[in-house]
Amino acid sequence: MSSPSSASTAASAPEPTPASSSTPVPAASGASAASSASEAVVVRGVERVFPGAKGATVTALTGIDLVVHAGEFVSLIGPSGCGKSTLLRLIADLDTPTSGEIRVFGKTAKQARIDQSYGIAFQQAGLLPWRTVSANIELPLQLHGIGAAERRARVAELVELVGLTDFATHYPDQLSGGMQQRVAIARSLAEQPRLLLMDEPFGALDEMTRERMQTELLRIRAETGAAVVFVTHSIPEAVYLSDRVVVMSPRPGRITDEVDVRLGDAAERGEDLREDAAFFAGVTAVREALHGPASAPATGSARGVDVR
Ligand SMILES: Nc1ncnc2c1ncn2[C@@H]1O[C@H](COP(=O)(O)OP(=O)(O)OP(=O)(O)O)[C@@H](O)[C@H]1O
Ligand SMILES: [Mg+2]
């Protein structure tokens, strides 16, 4: 396993290396970890085979073993078509594995969905255009029969959390793309999930907005303590946000490497970290895991992965 751990001492926030971490971190493969409720996600031996054209099949995922601990931020990275979205959809019970098992906080994926154990934010914000910012964020609470007073208080809190207090009565088409994403993130947090599933949530944003959203996500995550499974094409994004980056290869999609990237406390991870030696060491470690050690930055074989 690659690791930038030697350089992590240069991080602005003091953080133990993975080996000396005080938090319990079981084996990286996670396959042997118990499926207890203290783990946000446990995926064991999962395979997903889709029917293809003329009776052929497409093995989107095979032999997937992954554990995401409570409060941990894990990114999935890999070339287009390697099965990242499929894996996230399986965890969210929007699809079912062909074989293998998935647990979310010790429950089946289906039970976790019924219990609203997680929030989801995907690439498109998916807001209802006829509802205001507040009303969009309020929707999951309404659907689950939360009383009006409690809803109002919670929505006010969430609107503030994502910095949209002045826009609470605006409609989605009156907002920028980044603001719409923030509404979607607030909505995904409405029921205080201990797990967030995010599929390229910042993919459509310009670089500056994207970096600001990343910093905000770190702040929100620090405040809520939620575990996050985050799909991205961007190595720097994965490194900046994650405790661990899971690297996947295509056809059939499998996990080929995991890189521990502990750049410091999420709450203290400021913008200057993007120019820190530990950050670059993390980017190099993930890039090498994706392309192999000898690869040049801009000519990797992993199509669809942004190495800059
Ligand atoms: N519903 C489906 N029916 C048939 N094949 C599917 C279906 N969903 C996904 N696939 C196939 O599974 C493979 C993985 O797709 P997936 O969307 O998970 O990739 P991805 O890693 O998210 O790619 P990208 O980075 O481009 O979003 C692809 O070969 C895709 O064609
Ligand atoms: Mg995808």
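In this text, all values refer to a predicted model and were calculated from it rather than measured experimentally.

Colleague: Report on the overall build of the protein, specifying residues and quantitative values.
Modeller: Per the secondary structure count, the protein includes eight helices and 10 strands. Considering the protein as a whole, with its 308 residues, one finds that 43% of them fall into the buried category. Sequence separation of at least 24 residues holds for 70% of the intrachain contacts in the protein that already meet a minimum separation of 6.

Colleague: Help me get a handle on the packing of helix α3 (residues 133-143) against helix α5 (residues 177-188), residues and values and all.
Modeller: At a minimum axis distance of 8 Å, the contact between α3 and α5 shows a crossing angle of 30°. When the axis of α3 is compared with that of α5, the two are roughly parallel. When you trace α3 past α5, the crossing you get is right-handed. For the pair formed by α3 and α5, the contact residues are Val-133, Asn-136, Ile-137, Leu-139 and Pro-140 on the first element and Val-183, Ala-186 and Arg-187 on the second. Along the lines of polarity and charge, the residues of the contact of α3 with α5 split into six nonpolar, one polar and one charged.

Colleague: Please set out the sheet that holds strand β8 (residues 227-231) residue by residue, giving values where relevant.
Modeller: Taken together, the six strands give an open sheet; going across it, the order is β6-β7-β8-β3-β9-β10, and neighbouring strands pair in mixed fashion. Bordering the open sheet on either side are β6 (119-122) and β10 (254-260), each of which pairs with just one other strand. On average, adjacent strands in this sheet sit at an angle of 15° to one another, irrespective of strand direction. Across the sheet, helix α1 (residues 84-91) is in contact with β3 (73-77), β7 (195-199), β8 and β9 (244-249); its angle to β8 comes to roughly 150°.

Colleague: Lay out the site of ligand 1 in plain terms, naming residues and giving numbers.
Modeller: Phe-50, Ala-60, Ser-80, Ser-85 and Thr-86 are the nearest of the 11 residues found near ligand 1. Those elements giving two or more residues to the shell around ligand 1 turn out to be β2 (57-69) and α1. The element best represented in the shell around ligand 1 is α1, accounting for three residues. Counted by class, the shell around ligand 1 contains four nonpolar, six polar and one charged residues.

Colleague: Give me the lowdown on α1, citing residues and values where you can.
Modeller: Extensive coverage of α1 is indicated by the burial of six of its eight residues. Of all the residues in α1, the buried ones are Lys-84, Thr-86, Leu-87, Leu-88, Leu-90 and Ile-91. Immediately beyond the C-terminal end of α1, within one or two residues, lies Asp-93, with a positive phi of roughly 60°.

Colleague: Can you break down the nonpolar core residue by residue, with the values?
Modeller: In terms of nonpolar packing, the biggest core is built from 82 residues, with Val-41, Ile-91, Val-104, Leu-197, Val-229 and Val-286 touching the most fellow members. If sequence neighbours within four positions are ignored, Val-41 has contacts with Leu-66, Val-67, Val-68, Ile-91, Val-104, Leu-195 and Val-229.

Colleague: I'd like a rundown of the sheet that holds strand β1 (residues 39-51), residues and numbers included.
Modeller: Spatial ordering of the open sheet is given by β2-β1-β4-β5, a layout of four strands whose pairing is antiparallel. The outermost strands of the open sheet, each flanked by one partner alone, are β2 and β5 (107-108). Here β1 pairs with strand β4 (residues 99-104) via five bridges, running antiparallel. From the neighbouring strand, Arg-44 faces β4, where its bridge partner is Glu-101.

Colleague: Describe the packing of α3 against helix α4 (residues 148-161), with residues and values.
Modeller: The contact between α3 and α4 brings their axes to 9 Å, and the two run at 130°. Taken together, the axis directions place α3 and α4 in an arrangement best described as oblique. Between α3 and α4 the crossing geometry is right-handed. Taking contact as the criterion, the partners of Val-133, Ser-134, Ile-137, Glu-138, Leu-141 and Gln-142 in α3 are, on α4, Arg-151, Arg-154, Val-155, Leu-158 and Val-159. Residues that form the contact of α3 with α4 fall into these classes: six nonpolar, two polar and three charged.

Colleague: Which residues make up α4, and what values go with them?
Modeller: Between its terminal C-alpha atoms α4 stretches 20 Å, which fits the 20 Å expected from 14 residues at 1.5 Å a residue. By the burial criterion, the buried members of α4 are Arg-151, Val-155, Leu-158 and Val-159. Down the axis of α4, the buried side of the element spans an arc of 100°, and every buried residue falls inside it. Opposite its buried face, α4 presents the exposed residues Ala-149, Glu-150, Ala-153 and Glu-160, each directed more than 90 degrees away.

Rules behind the numbers
Residues numbered from 1 in each chain as written. Chains lettered and ligands numbered in written order. Predicted model: local features only at pLDDT ≥ 70, side-chain atom pairs only at ≥ 80, totals over all residues. Helix = DSSP H or I, 4+ residues; strand = E, 2+ residues; numbered from the N terminus. Buried ≥ 20, exposed ≤ 12 C-beta atoms within 10 Å, placed from the backbone. Contact = placed C-beta atoms within 7 Å. Axes fitted to C-alpha atoms, helices over the stretch in contact; angles between N-to-C directions. Parallel < 35°, antiparallel > 145°, perpendicular 65-115°, else oblique. Left-handed = near helix turned anticlockwise from the far one by under 90°. Nonpolar A, V, L, I, M, F, W, Y, C, P; charged D, E, K, R; others polar. Pairing = 2+ DSSP bridges. Near = placed C-beta within 6 Å. Core = buried A, V, L, I, M, F, W, Y, C linked by C-beta atoms within 7 Å. Expected span 1.5 Å × (residues − 1). Arc of directions from axis to C-beta.

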